[in-house]
Amino acid sequence: MQWEILLWVKEKINKATWLSMFISIPCSVGLFALAGPITRLLFSTTDGTAGYLMMLGVITVIMNGMSNISNGVLQSIGKANLPMLHAAIALIVDIITVTVLMFATDFGIYNVVIAMIVYALVMCVLNHRAMKRELGYKNPWRDAYLPPLLASIPMGMVAFIVYRMLYAVLKSNFLALIPAIVLAAGV
């Protein structure tokens, strides 16, 4: 009976992971492909830095999706203290990372985004290790991550190309962005 319950739990975690990645990965790719136009729409006076920051930071969308699932799983099996401990550890690593980068590099504001990525990565790794230890869980990398990624690549290409072509003709960020998003979502 215990084995059947554990198998059912792992199946539910796999489905939740797949659904999270089904949404997170295309969102990340779309935000990456259209980072410049989106930030120009929101911040008309941007010099392009905001777009580059978004391009770099979109990886956290995927990792936050992963850590949200693992946080929920750990909490549901009575290990609510683990995600909090992992968040504290990730925060310490984040602070150390941003401090070292601030004094050792000339990355400027990019230090903050790099530290955010490190924070999300540490959370994912620690939570995954805890799930593996507590449940014997193995993340379904190939099944949950690869199909959405492979489907998102042409979507991102369409978004980028359609935006560029329409912008060249219309000279309007908004009028080029909306059809690019719609067509990319269709892909």
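Above this text sits the structure in question.
Here is a short report on the structure shown in this document. Since the model is a prediction, treat every value here as computed from it, not as a measurement.

### Some points on the environment of I95
Thinking step 1. Note on placement: I95 falls in helix 5 (residues 81–104).
Thinking step 2. Judged by relative accessible area, I95 falls into the partly exposed class, the value being 45%.
Thinking step 3. The spacing of I95 and M116 is 21 residues in sequence and 9.6 Å in space, taken between C-alpha atoms.

### Observations regarding helix 4 (residues 59–76)
Thinking step 1. In this model helix 4 runs 26 Å from its N-terminal to its C-terminal C-alpha over 18 residues, within 8% of the 26 Å that 1.5 Å per residue would give.
Thinking step 2. Where helix 4 is concerned, the buried positions are T60, I62, M63, G65, M66, S67, S70, N71, V73 and L74.
Thinking step 3. On the buried face of helix 4, the contacting elements are helix 1 (2–33), helix 3 (49–57), helix 5, helix 6 (110–135) and helix 7 (141–170).
Thinking step 4. Backbone geometry just after helix 4 places G78 at a positive phi near 85°.

### Thoughts on the layout of surface pockets
Thinking step 1. Estimated volume of the largest pocket: approximately 260 Å³.
Thinking step 2. Contributing to the lining of the largest pocket are 17 residues, with A33, G36, M55, F160 and R164 lying nearest its centre.
Thinking step 3. Those elements that provide at least two residues to the lining of the largest pocket are helix 1, helix 2 (35–42), helix 3 and helix 7.
Thinking step 4. Taken together, the residues of the lining of the largest pocket break down into 9 nonpolar, 6 polar and 2 charged.
Thinking step 5. Its boundaries defined by the atoms lining it, the second largest pocket holds a volume of some 210 Å³.

Rules used in this analysis
Residues numbered from 1 in each chain as written. Predicted model: local features only at pLDDT ≥ 70, side-chain atom pairs only at ≥ 80, totals over all residues. Heavy atoms only, no water. Helix = DSSP H or I, 4+ residues; strand = E, 2+ residues; numbered from the N terminus. Buried < 20%, exposed > 50% of the residue type's maximum accessible area, 1.4 Å probe, protein only. Expected span 1.5 Å × (residues − 1). Contact = heavy atoms within 4.5 Å. 1 Å grid on protein atoms, 1.4 Å probe; cavity = no way out; pocket = protein on both sides within 12 Å on 5 of 7 lines; lining within 4 Å. Points joined across faces, edges and corners; volume = space filled by probe spheres on them. Nonpolar A, V, L, I, M, F, W, Y, C, P; charged D, E, K, R; others polar.

Function cannot be inferred from these measures alone, as they are strictly geometric.
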